[in-house]
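Geometric and topological summary
Residue strings, one per chain:
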Amino acid sequence: MRQITQNYVDGAFQPVSDGEEAPLFNPATEEQIGTVRLSNVNDVNAAVAAAKRAFTRISGTPPAERAEMLRRLSVAVSVNGDRMAETMREEYGAPSSFVDFSARRAGSVFLDMAATLESFAWQRRIGSAEVEMRPIGVAAAITPWNSNYGFICGKLATAIAAGTSIVIKPSEMSALQTQVLTEALHKAGLPAGVLNIVNGSGAVAGAALTAHPDIAKISFTGSTVTGRAILQSAAETMKRVTLELGGKGAQIILDDADLEAAVAQVLASGFINSGQACIAGTRVLVPARLMPEVRDRLVAGLADWPVGPASDPASRIGPMVSRKQWERVQSYIRLGTQEGATIIAGGEVRPAGLDRGWFVRPTLFADVDNATRIAREEIFGPVLCVISYDNDEDAVRIANDADYGLQNFVLGGDPERTWRVAARLESGRVTINGAAHEPLAPFGGCKQSGIGREFGVFGLETFLEPQVVLT
Ligand code: NAD
């Protein structure tokens, strides 16, 4: 049993004041593997005070010096990739392919941001105005459990690039991963107070951080419900916010798609990160006349998506992160049947042979009405809703009939037609035929998927404030 009892404040590991402890679990075995001590308001205040002192120094550094810091951070994280991956496998349980990708990419986000920084226009002339992009003030980041390293590193990289200090409160369910990552980040030798990490609950530490008057900017990734609470709290002192929230992406299979490739892609985009992904395409839109064939192909395709622990290299779907998440997914599977959808694969109860661990059977619902809750609410597990449409117009209408707008997908044979459909979708991102991720492109959502964008130039600008001098 490991015990996490320290925060990282002012360049050093410091004990959390005596407080409540939360258990940490291995989701593949349900065994408790550790505890984390939860910070109180005083711990948060100490971290913000350290960040405030450091802001004066970091905000005055030249961009080249900060690019150097980013390169050091990248090395410090990358050399710890194996240890990070091992801890993520144990505490989060995602399949090895996702864990390896996540642990490796964590170091590269610093290099992506260094590249953005080097060509960034800090001064701009607009008519008679001299515009200077200035660091916004002390930032706070609050992150979820479904890609702990990636979210912490992405937000830290942007803060450093912008010249702001930051206090990060990661998910209390990822404390072992946070500890390993923090030990790596410490080795980069940032000026004291530029990076501060506090362990704690959302209700206490998260709320204290987002209400703190010395925080100028909040970068949050998590659920829409929490995002709404943070937005309200931020309004009090007009904090700037970036909110990366939930999703319920549509995957539109056009009637000229190569069905074999499209179905394989649909399953990959639907089951990414065991379905615990905001970008997962969980509504599969299928032309009515192709429905029987696509249904059969989807069911057959599940053979390529074995469920199991991260220790089994064949696993492509791991356990849900917690009992609570497992119960939530089970309740949606029950709900789907009550709402009149047809289970064509999967269903309630654990997969055969996995009677321990928070494993879920990958589940496909057919005959889904887009107005029902399983089609509208984020389930955050390997559960896909297959929905029939009549023509391209109808597909666009159904895809856009959603409260979320993070990422949609179009699969088809005619490039012009896929573009035409993509251009009409209301989401921050549209992926055509499984195109690869572009790390410097803006990432974020429309509607209730959030506010603002992360990564590259667009992400950097959300940590800056333009100041105009008229001459
Ligand atoms: P969550 O909203 O419960 O928690 C996220 C973080 O917010 C945690 O650190 C938590 O402690 C903290 N928090 C909770 N209540 C708070 C409060 N009142 N004030 C301040 N902080 C508070 O989300 P989760 O269950 O950890 O993560 C899953 C959710 O995150 C899903 O809805 C998913 O879609 C979303 N998500 C979005 C993205 C994206 O980029 N859009 C990426 C990953 C996950």
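For the structure, check the block above.
Report follows, based on the coordinates.

Reading the values: rules and limits
- Residues numbered from 1 in each chain as written.
- Predicted model: local features only at pLDDT ≥ 70, side-chain atom pairs only at ≥ 80, totals over all residues.
- Heavy atoms only, no water.
- Near = heavy atom within 4 Å.
- Polar contact = N/O pair within 3.5 Å; in protein donor to acceptor, adjacent residues only side chain to side chain.
- Areas by Shrake-Rupley, 256 points an atom, 1.4 Å probe, with all protein chains shown as cover.
- Helix = DSSP H or I, 4+ residues; strand = E, 2+ residues; numbered from the N terminus.
- Nonpolar A, V, L, I, M, F, W, Y, C, P; charged D, E, K, R; others polar.
- Domains from an automatic or database assignment.
- Salt bridge = Lys/Arg side-chain N within 4 Å of Asp/Glu carboxyl O.
- Buried < 20%, exposed > 50% of the residue type's maximum accessible area, 1.4 Å probe, protein only.
- Contact = heavy atoms within 4.5 Å.
- Pairing = 2+ DSSP bridges.
- Axes fitted to C-alpha atoms, helices over the stretch in contact; angles between N-to-C directions.
- Phe/Tyr/Trp six-rings, centres within 6.5 Å; stacked < 30°, edge-to-face > 60°.
- Parallel < 35°, antiparallel > 145°, perpendicular 65-115°, else oblique.
- Left-handed = near helix turned anticlockwise from the far one by under 90°.

Attention now goes to the site of the ligand. Among the 27 residues in the neighbourhood of the ligand, the closest are listed as Thr143, Ser223, Thr226, Leu245 and Glu378. In this structure, Trp145 approaches the ligand through a side-chain N or O atom, which is 3.0 Å from an oxygen atom. Lys169 places a polar side-chain atom, nitrogen or oxygen, 3.0 Å from an oxygen atom of the ligand. For the ligand, whose free accessible area comes to 840 Å², the fraction covered by protein is 86%. Among the secondary structure elements, those contributing two or more residues to the shell around the ligand are α7 (202-211), β11 (217-221) and α8 (224-235). Considering each element in turn, the shell around the ligand owes the most residues, three residues, to α7. Per-class residue counts for the shell around the ligand are 13 nonpolar, ten polar and four charged. Viewed by domain, the shell around the ligand spans two of them, domain 1 (2-245 + 449-470) and domain 2 (250-439), each represented by three or more residues.

So, about the pattern of salt bridges. In total, this model carries 30 salt bridges according to the counting rule given. Between Arg57 and Glu65 there is a salt bridge, and its shortest N-O distance comes to 3.8 Å. Residue class for Glu65 comes out partly exposed when judged on its relative accessible area of 32%. Here Asp256 and Arg417 are joined by a salt bridge, their closest N and O atoms 3.4 Å apart. Note that Asp256 is positioned in the loop between β13 (250-253) and α9 (259-270) and Arg417 in helix α14 (residues 415-423), a separation of 161 residues in sequence. On the basis of relative accessibility, which here comes to 13%, the residue Arg417 falls in the buried class.

By the element assignment, Thr418 lies in helix α14. Excluding anything up to four places from it in sequence, Thr418 contacts Leu254, Val410, Leu411, Gly412 and Ile432.

Pairing between the strands of a sheet comes from backbone hydrogen bonds, and it takes one of two forms, parallel or antiparallel. On the basis of which strands lie adjacent, the open sheet formed by three strands has the order β1-β5-β4 and mixed pairing. What marks the edges here is a single partner per strand, and that holds for β1 (2-4) and β4 (21-26). Across the sheet, the mean angle from the axis of one strand to that of its neighbour is 30°, orientation sign disregarded. As paired elements, β1 and strand β5 (residues 31-37) share three bridges and run parallel to each other. Paired with Ile4 across the bridge in β5 is Val36. Here helix α3 (residues 81-91) sits on the sheet in contact with β1, β4 and β5, set at roughly 95° to β4. On the sheet, helix α6 (residues 175-186) packs against β1, β4 and β5 and is oriented at approximately 70° with respect to β1.

To describe a pair of aromatic rings, you give the distance between the ring centres and the angle between the ring planes. The final tally for this structure, using the stated rule, is eight aromatic pairs. Consider the rings of Phe25 and Trp358, whose centres lie 5.9 Å apart with planes at 75°: the pair is edge-to-face. Linking Phe25 in strand β4 with Trp358 in the loop between β15 (342-347) and β16 (361-366), this pair joins segments that are 333 residues apart in sequence. Using a relative accessible area of 32% as the deciding quantity, one classes Phe25 as partly exposed. The exposure class of Trp358 is buried, given its relative accessible area of 4%. Taking 5.6 Å as the distance between ring centres and 75° as the angle between the ring planes, the aromatic pair formed by Trp145 and Phe380 counts as edge-to-face. Separated by 235 residues along the polypeptide, Trp145 in the loop between β8 (139-142) and α5 (148-162) and Phe380 in the loop between α12 (373-376) and β17 (383-389) bring together distant segments of the chain.

Moving on, we get to unusual backbone geometry. Phi is positive for Asp10, close to 60°, though the residue is something other than glycine. Structurally, Asp10 is set in the loop between β2 (6-9) and β3 (12-15). When its relative accessible area of 28% is taken as the criterion, Asp10 is described as partly exposed. Look at Phe380: it is not a glycine, yet its phi comes out positive at around 65°. With relative accessibility at 14%, the residue Phe380 sits in the buried group.

Time to look at the packing of α5 against α6. Running from amino to carboxyl end, α5 crosses α6 at an angle of 40°, the nearest separation of the two axes being 10 Å. In this view, α5 runs oblique relative to α6, as classed from their interaxial angle. Judged by the sense of rotation from one axis to the other, the crossing of α5 with α6 is right-handed. Two secondary-structure elements touch here, α5 through Asn148, Tyr149, Ile152, Cys153 and Leu156 and α6 through Gln177, Thr178, Leu181 and Leu185. Considering only residue class, the contact of α5 with α6 consists of six nonpolar, three polar and no charged.

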